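Read off the chains here:
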Amino acid sequence: WRTAAPEQPVSDATLNAPGKPEVIDLGEGRTVILLKDDTLPYTALDMVIAGGNSLLTPDEQGLAGLSASVLTMATKARSNEDLERFLADRAASLSAVAGRHTSKVSASFPTRFSDDILPLLTEVLTEPAFDPEDLDRARDSQLAAVKASTDQPTGLMFRELYPFLFKDHFYSYYLLGKPEDVAKYTADDARRFWARQSGQAWTLAVCGQF
């Protein structure tokens, strides 16, 4: 087929190249990074909050990870079952994890469900339930993970590496905690830790379509 004017070839890299990151400084240690990419109708968010194990005392090891696990299980308005169904109906995922000096909350979802998921994310961050039954389930999973890591030589080596290298520093804390400590944590302990954690500086990265 003939055309009125010759078309200029466009490479796949040019068609799929995302836009330049836009960084928005909100002050008081709060930063938003926008990474626009219209390749797929999908959105992903990562909110990284300073803290994690650095906010713990030596006798609170494992509490940051446990609190992160319970955080996304339920809110004051939604039970764990309601929350899981809400996410499943929208092909969305929501998770939280705590590290040595940060905690991270992540969400990903088809862009057309943004009006549903963004308010849910706000609800999870500001009105978590920290239900005792949810904490019991999260505790059992964490204790099982500790046992699994110590049952194998490689897992045991990596678990003991940081305590060996960093004697008197929060880097020496066990991420999953000591079983005897984890077994005694309550929902109130997790709630109090999140009150400390949620007030720290954070960076939110938003990727994809939005």
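Use the structure listed above.
What you are looking at is a predicted structure, and each value in this text was computed from that prediction instead of being measured.

Cut-offs and rules
- Residues numbered from 1 in each chain as written.
- Predicted model: local features only at pLDDT ≥ 70, side-chain atom pairs only at ≥ 80, totals over all residues.
- Heavy atoms only, no water.
- Salt bridge = Lys/Arg side-chain N within 4 Å of Asp/Glu carboxyl O.
- Helix = DSSP H or I, 4+ residues; strand = E, 2+ residues; numbered from the N terminus.
- Buried < 20%, exposed > 50% of the residue type's maximum accessible area, 1.4 Å probe, protein only.
- Pairing = 2+ DSSP bridges.
- Axes fitted to C-alpha atoms, helices over the stretch in contact; angles between N-to-C directions.
- Contact = heavy atoms within 4.5 Å.

> Honestly, the pattern of salt bridges in this entry has me stumped. Any pointers?
Side chains that carry opposite charge are capable of pairing whenever their charged atoms lie near each other. Applying the stated rule across the entire model yields eleven salt bridges. For Glu123, the salt bridge identified is with Arg78, shortest N-O distance 3.1 Å. Linking Glu123 in helix H4 (residues 114-126) with Arg78 in the loop between helix H2 (63-71) and helix H3 (80-89), this pair joins segments that are 45 residues apart in sequence. According to the relative accessible area criterion, Arg78 is partly exposed, its value standing at 22%.

> Could you clarify how one ought to interpret the sheet that holds strand S5 (residues 102-110) in this entry?
Strand pairs in the sheet, formed through backbone hydrogen bonds, run parallel or antiparallel to each other. Taken in spatial order, the six strands of this open sheet run S1-S2-S6-S3-S5-S4, and their pairing is mixed. Two strands in the sheet have a free side with no partner beyond their single neighbour: strand S1 (22-27) and strand S4 (93-98). Ignoring which end each strand starts from, the neighbouring axes of this sheet average 10° apart. The sheet strands contacting H2 are S4 and S5, and the helix crosses S4 at an angle near 170°. Its contacts with the sheet place H4 against strand S3 (42-50), S4 and S5, and it is angled at close to 160° to S5.

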